[in-house]
Amino acid sequence: MSKLKIAVQKSGRLSEKSLQLLEECGIKFPNGGGKLITEATNFPVQILFLRDDDIPQYVEQKVADIGIVGENVLIESTKKINIVEKLGFSSCRLSLAVPKEAEYQGLEFFKNKRIATSYPNILSEYFQDQKIAVSIEVISGSVEIAPGIGLSDGICDIVSSGSTLLSNGLKEVEKVLDSQAVLVASEDLDLEKQQILQKLLFRIQSVRKAKENKYILLNVPNPKLDKIKAILPGMNSPTILPLAKEGWSSLHSVISEDKFWDVIDELKVAGAEGILVVPIEKMII
Ligand code: PRT
Ligand code: ZN
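Residues numbered from 1 in each chain as written. Chains lettered and ligands numbered in written order. Predicted model: local features only at pLDDT ≥ 70, side-chain atom pairs only at ≥ 80, totals over all residues. Heavy atoms only, no water.

### A word on the site of ligand 1
What surrounds ligand 1 is a group of 20 residues, the closest being D53, N72, S161, G162 and T164. Contacts to ligand 1 include Q9, whose side-chain N or O atom sits 2.8 Å from an oxygen atom. One nitrogen or oxygen atom from the main chain of G162 is found 2.7 Å from an oxygen atom belonging to ligand 1. Its free accessible area being 840 Å², ligand 1 has 78% of it covered by the protein chains. Those elements giving two or more residues to the shell around ligand 1 turn out to be α3 (71-77), β9 (154-159) and α5 (163-167). (Near = heavy atom within 4 Å. Polar contact = N/O pair within 3.5 Å; in protein donor to acceptor, adjacent residues only side chain to side chain. Areas by Shrake-Rupley, 256 points an atom, 1.4 Å probe, with all protein chains shown as cover. Helix = DSSP H or I, 4+ residues; strand = E, 2+ residues; numbered from the N terminus.)

Listed below in structure tokens is the structure:
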């Protein structure tokens, strides 16, 4: 039986969360221990540990069948592979930044200026679309120091909290791209590998849905049941069980993490008591 080869980052910002996702999908594998390849013991996959920049190429060349990589790296690589699922972790943005004392009034600021970046493909396309001529200085690391040492007038780099820009005397002025970790796949997987991928995808989606939702239990006086049911945007109709306490029921439902705090306030006002909110491990719908 063939095995699906998954490329993950060997060490860096994506590594831990990529492996954690596979573990949450119930896939067990021996601790990498510096190895370049390992095999799951209970699911037909092999895991290849690579530098993130190499993952799109390896997947395009079918050395790996699928991979986990940042959208920023994928788009910059211009490789012909498909995004099969956005994974919702390692979110960041690719942004333009300039020295904080610069008078920035719009993109025209960059006209004929030098911009240091490790993302020349994304950046040149961005400015071509804007019809603004710029000079792109390609550097592979520590981009944020380029303006300070006179190498460029601005930079285009990954921003997450913004503290790196701040501590280098820069300010973020435009967002070029939003990014997060994505699952990518080679364009033509054979049938057997497609089936393994579908199984994996189903597990990933169940894990992610569970994380986005909470299970909620609350005690409600019976006359207020209808009002409270209306507040709960559950998966389908909530479960209602009688409590030993006369005239009261226990109501169980699922709510999304986003709506959580708003709904809790509304429920309290409507008369719910003893509210319990618990995490869901897997959610199959
Ligand atoms: O060795 P390898 O080539 O595999 O790894 P790498 O060093 O090239 O990449 P790595 O591990 O740093 O990042 C992997 C991926 O994580 C990136 O491609 C992004 O998709 C994602 N990611 C998420 C980030 C960040 N957040 C991030 N903050 N990648 C880099 N940064 C850097 C950024 O370059 C800048 O230096 O962090 C700094 C900015 O962070 P803040 O929080 O100060 O704004
Ligand atoms: Zn890299």
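### A few points about the packing of aromatic side chains
In total, this model carries six aromatic pairs according to the counting rule given. Ring geometry for Y104 versus F109: centroids 5.4 Å apart, planes at 55°, classification tilted. Summarising the burial analysis for this pair, Y104 and F109 share the class buried. Both rings, one in Y126 and one in F127, keep their centres 5.3 Å apart while their planes meet at 85°; by these two values the pair is edge-to-face. Residue Y126 is classed as buried on the basis of its relative accessible area, which comes to 15%. Residue class for F127 comes out buried when judged on its relative accessible area of 1%. Each member of the aromatic cluster is reached from another via a ring pair, and the members are Y104, F109, F110, Y126 and F127. In this arrangement the basic side chain of K113 is found over the ring face of F109, its NZ or CZ atom lying 3.9 Å from the centre. In this structure, K245 packs its charged tip against the face of W248, placed 4.2 Å from the ring centre. (Phe/Tyr/Trp six-rings, centres within 6.5 Å; stacked < 30°, edge-to-face > 60°. Buried < 20%, exposed > 50% of the residue type's maximum accessible area, 1.4 Å probe, protein only. Lys NZ or Arg CZ within 6 Å of the ring centre and 35° of its normal.)

### Let's talk about the coordination of the zinc ion (ligand 2)
By definition of the ideal shapes, four donors in a tetrahedron about a metal sit 109.5 degrees apart, and six donors in an octahedron sit 90 or 180 degrees apart. Around the zinc ion (ligand 2), the protein contributes the donor atoms D52 (OD) and D53 (OD), at 1.9 to 2.1 Å from the metal centre. Viewed at the metal, the four donor atoms of the zinc ion (ligand 2) are separated by angles of 76 to 172°, and the geometry they form is irregular. Using a relative accessible area of 42% as the deciding quantity, one classes D53 as partly exposed. (Donors = N, O, S within 2.8 Å, 3.2 Å for Na, K, Ca; no water. Tetrahedral: all angles 85-135°; square planar, octahedral: opposite > 155°, others 65-115°.)

### Considering the sheet that holds strand β6 (residues 92-99)
Reading across from one edge, β8-β7-β9-β6-β10 is the order of the five strands in this open sheet, with mixed pairing throughout. Of all strands in the sheet, those bounded by a partner on one side alone are β8 (135-138) and β10 (170-179). Taking each pair of neighbouring strands and ignoring which way they run, the sheet shows an average axis angle of 30°. Bridge count between strand β7 (residues 114-117) and β8: four bridges; the pairing is parallel. Looking at β8, one finds that R114 is bridged to S135. Packed onto the sheet, helix α4 (residues 120-130) meets β6, β7, β8, β9 and β10 and runs at close to 100° relative to β10. (Pairing = 2+ DSSP bridges. Axes fitted to C-alpha atoms, helices over the stretch in contact; angles between N-to-C directions. Contact = heavy atoms within 4.5 Å.)

### Let's talk about unusual backbone geometry
Here K62, not a glycine, exhibits a phi torsion of approximately 65°, which is positive. When you line up the elements, K62 lands in the loop between α2 (55-60) and β4 (66-70). For N112, which is not glycine, the phi torsion reads 60° and is therefore positive. Note that N112 resides in the loop between β6 and β7. For N112, a relative accessible area of 61% puts it in the exposed group.

### Details of the domain arrangement of the protein
Split into domains, the protein comes out as domain 1 (4-89 + 180-210), domain 2 (92-179) and domain 3 (213-279). Taking the mean C-alpha position of each, domain 1 and domain 2 sit 30 Å from one another. Listed per partner, the contact involves seven residues of domain 1 and nine residues of domain 2. Summed over both partners, the interface of domain 1 with domain 2 buries about 680 Å², with 53% contributed by carbon and sulfur atoms. Where domain 1 meets domain 2, there are zero salt bridges. Summed over the shared surface of domain 1 and domain 2, the result is five residue pairs in polar contact (both at pLDDT 80 or more). No other element matches α3, which puts four residues into the side of domain 1 that touches domain 2. Of the residues contributing to the side of domain 1 that touches domain 2, the split by class is one nonpolar, four polar and two charged. (Domains from an automatic or database assignment. Buried area = accessible area lost by both parts, 1.4 Å probe. Salt bridge = Lys/Arg side-chain N within 4 Å of Asp/Glu carboxyl O. Nonpolar A, V, L, I, M, F, W, Y, C, P; charged D, E, K, R; others polar.)

### Examining the pattern of salt bridges
Counted according to the given criterion, the structure contains 13 salt bridges. In this structure, R51 and D53 form a salt bridge, with 3.3 Å as the shortest nitrogen-oxygen distance. Residue K62 is joined to D188 by a salt bridge in which the shortest nitrogen-to-oxygen separation is 3.0 Å. Taken together, the residues K62 in the loop between α2 and β4 and D188 in the loop between β11 (181-185) and α6 (191-212) connect sequence positions 126 residues apart.

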